[in-house]
Amino acid sequence: MRTRTKNFLMFGGVTAVVAGLGVWADARREPPRVVDVLPKGTAVVVELDLVALRASGLAQLRLPGGLDDVTKGCRDGGPLAAIDRLALALPGASLDGDLAVVALGPRVRASAFVDCARQVIGTRGGTAKTAERDGFTLVQEGEGLRGVLAVRDGGPVVLGRGAWFDAVLAAAQGATPSLRGDPVHDLERSKRAGALAIATWSIGDDDRAALRGQLPEPARVVADVRAVVLDARDDGSGGVSLLVDALCAPGTCDGVARWAEGAKLGFAREPMLGALGLGDAVRGARVGAESDRVRASLALPAPALSAAISEGAKR
């Protein structure tokens, strides 16, 4: 065997080993979580586990109205089927901007999402513009007033606009600190494994002070709540069970619990909740104080959940 042939085979063998190690390493690498791609200072994060939702009795739920038709070509066997987790995020007082949407999934392919965005923009008569930024492909209609889509192979997918969109993209790139390690958005969220949906709201000191000044005396105890954590789980019968924690300042949880117990009856009588069929669910909620939180649990049985979704779609 000639030396050139031997060298070629050796190079091919080494390349195969390196490629194999790369595949093995990728398989062992922890996939990114929502907190890894959202910036420090985020106030509200609502996260949906789409894998769990698809496997649950709630998988048949569809988007309401015309939105369902516009996105059908993107959903059914299309790029949205590659999304495993979906999050909605709002900035805190230190950040300026609107709602941002973040989607994660190792099967995400940028070209599929770009084609989908072009389709949606074209359906409403617009013209799509594309650009490249730091490994992401960006798609927008016109000047991006309706929002900008950023996507890269393997995710994340980010939809937003303005300074808040830029802040989320910077965190997703690892250029700025993320929510990893955050006591509310990360550590509290990690305790809720198995939930279909988890929402966390971190309330800053300035916001709590402003709230205390705006509320009437009996309700000012609400300003002692520094964060709210909610999770929703499949009850196995087509409904969901909700668990809500209000994280309290030291020594204030009993007062918050007393207020919540009295307030739930008032909430249950609200006309909007009645119209959504949720009055009885709120009225039957159980409330109790623990050392660092007030915990409320309630059940939304399948009939009430279906009625709420149906009524909400009409509004």
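This prediction gives the protein chain a mean pLDDT of 83; 82% of its residues lie at or above 70. Taken as a whole, residues 2-29 scores under 50 in pLDDT and shows 2 contacts with residues more than four places along the chain or in a different chain. In this model residues 62-70 is a low-confidence stretch, pLDDT under 50, and it forms 11 contacts with partners more than four residues away in sequence or in other chains.

Turning to the packing of aromatic side chains, a few remarks are in order. For any pair of aromatic rings, the description rests on two quantities: the centre-to-centre distance and the angle between the ring planes. Scanning all chains against the criterion turns up 1 aromatic pair. Between W259 and F267, the ring centres sit 6.4 Å apart and the planes meet at 75°, which makes this aromatic pair edge-to-face. A residue is classified by how much of its surface remains accessible, and W259, at 28% relative accessible area, is partly exposed. Judged by its relative accessible area of 43%, F267 falls in the partly exposed class.

The next point concerns helix 6 (residues 183-190). Residues of helix 6 that are buried include every one of V184, H185, D186, E188 and R189, and no others. Those residues of helix 6 that are buried lie in contact with strand 1 (42-49), strand 8 (197-202), strand 9 (225-234), strand 10 (240-248) and strand 12 (293-300). Near the N-terminus of helix 6, the side chain that reaches the backbone nitrogen of V184, with its oxygen 2.9 Å away, is that of D182.

Enumeration according to the criterion identifies 25 salt bridges in this entry. Linking R192 and D245 is a salt bridge whose minimum nitrogen-to-oxygen distance equals 2.8 Å. Placement of R192 in the loop between helix 6 and strand 8 and of D245 in strand 10 is noted, with a sequence separation of 53 residues between them. As far as burial versus exposure is concerned, R192 and D245 are alike and both buried. Salt-bridge contacts for D245 lead to R295; the nearest nitrogen and oxygen are separated by 2.7 Å. One end of the pair, D245, is in strand 10; the other, R295, is in strand 12, with 50 residues separating them in the sequence. A residue is classified by how much of its surface remains accessible, and R295, at 29% relative accessible area, is partly exposed. Salt bridges sharing partners connect three or more residues here, namely E188, K191, R192, D231, R233, D245, D292, R293 and R295.

When you tally the buried positions in strand 1, you get 6 out of 8 residues, the bulk of the element. Two elements, strand 1 and strand 2 (residues 85-91), share 7 bridges in a ladder whose sense is antiparallel. Opposite V45, over in strand 2, you have A89 as the bridge partner. Note: strand 1 against strand 8, 5 bridges, orientation antiparallel. Note that in strand 8 the partner of E47 across the bridge is I198.

Examined bridge by bridge, strand 8 and strand 9 share 6 bridges and lie antiparallel to one another. Bridged to A199 within strand 9 is L230.

Take the sheet that holds strand 3 (residues 100-104) next. With antiparallel pairing, the 12 strands of this open sheet are ordered in space as 4-5-6-7-3-2-1-8-9-10-12-11. Each edge of the sheet is formed by a strand with only one pairing partner; in this case those strands are strand 4 (128-133) and strand 11 (286-289). Neighbour to neighbour, the strand axes of the sheet diverge by 15° on average, direction disregarded. Against the sheet, helix 4 (residues 110-123) touches strand 4, strand 5 (136-141), strand 6 (148-151) and strand 7 (157-160), its axis set at about 5° to strand 5.

Moving on to the nonpolar core. Judged by nonpolar contacts, the single largest core of 31 residues is most densely connected at F113, V151, V157 and L300. Of all elements in the fold, only helix 2 (50-55), helix 4, strand 6, strand 10, helix 10 (279-283) and strand 12 reach the threshold of two or more residues within this core. Not counting chain neighbours up to four residues away, the residues in contact with F113 comprise P79, L80, I83, V108, L149, V151 and V157. Core analysis: the second largest hydrophobic core is formed by 22 residues, A87, F136, F165 and V168 among them.

Glancing now at the environment of L80. Topologically, L80 is positioned in the loop between helix 3 (65-75) and strand 2. According to the relative accessible area criterion, L80 is partly exposed, its value standing at 28%. Each C-alpha atom of the pair L80 and G105 lies 9.6 Å from the other, and the pair is 25 residues apart in sequence.

Reading the values: rules and limits
- Throughout this description, residue numbers start from 1 for each chain and increase along the sequence as written.
- Where totals are concerned, whole chains, interfaces and linings use all residues; where local detail is concerned, this predicted model gives features only for residues with pLDDT of at least 70, and gives and counts side-chain atom pairs only at 80 or more.
- To get the side-chain values, all heavy atoms of the structure are used, and hydrogens and water are removed first.
- For every residue, the predictor reports its confidence as pLDDT, a number between 0 and 100.
- Contacts: residue pairs with any heavy atoms within 4.5 Å of one another.
- Only centres within 6.5 Å qualify two rings of Phe, Tyr or Trp (six-membered ring in Trp) as a pair; their planes then separate them into stacked at under 30 degrees, edge-to-face at over 60, and tilted for everything else.
- Exposure classes here rest on a 1.4 Å probe applied to the protein chains alone. A residue is buried below 20% of its type maximum, exposed above 50%, and partly exposed in between.
- Working definition: helices are DSSP H or I runs of at least four residues, strands are E runs of at least two. Numbering for both runs from the N terminus.
- Here a polar contact means two N or O atoms within 3.5 Å. Within protein one must be a hydrogen donor candidate and the other an acceptor candidate, and residues neighboring in sequence count only if both atoms are side-chain atoms.
- A pairing counts as a salt bridge when a side-chain nitrogen of Lys or Arg comes within 4 Å of a carboxyl oxygen of Asp or Glu.
- One requirement defines pairing of two strands: DSSP has to find at least two bridges between them.
- For helices, the fitted axis covers only the stretch in contact; all axes are lines through C-alpha atoms, and the angles between them, taken along N-to-C directions, range from 0 to 180 degrees.
- To qualify as a nonpolar core, a set must consist of buried Ala, Val, Leu, Ile, Met, Phe, Trp, Tyr and Cys residues joined through side-chain atoms within 4.5 Å.

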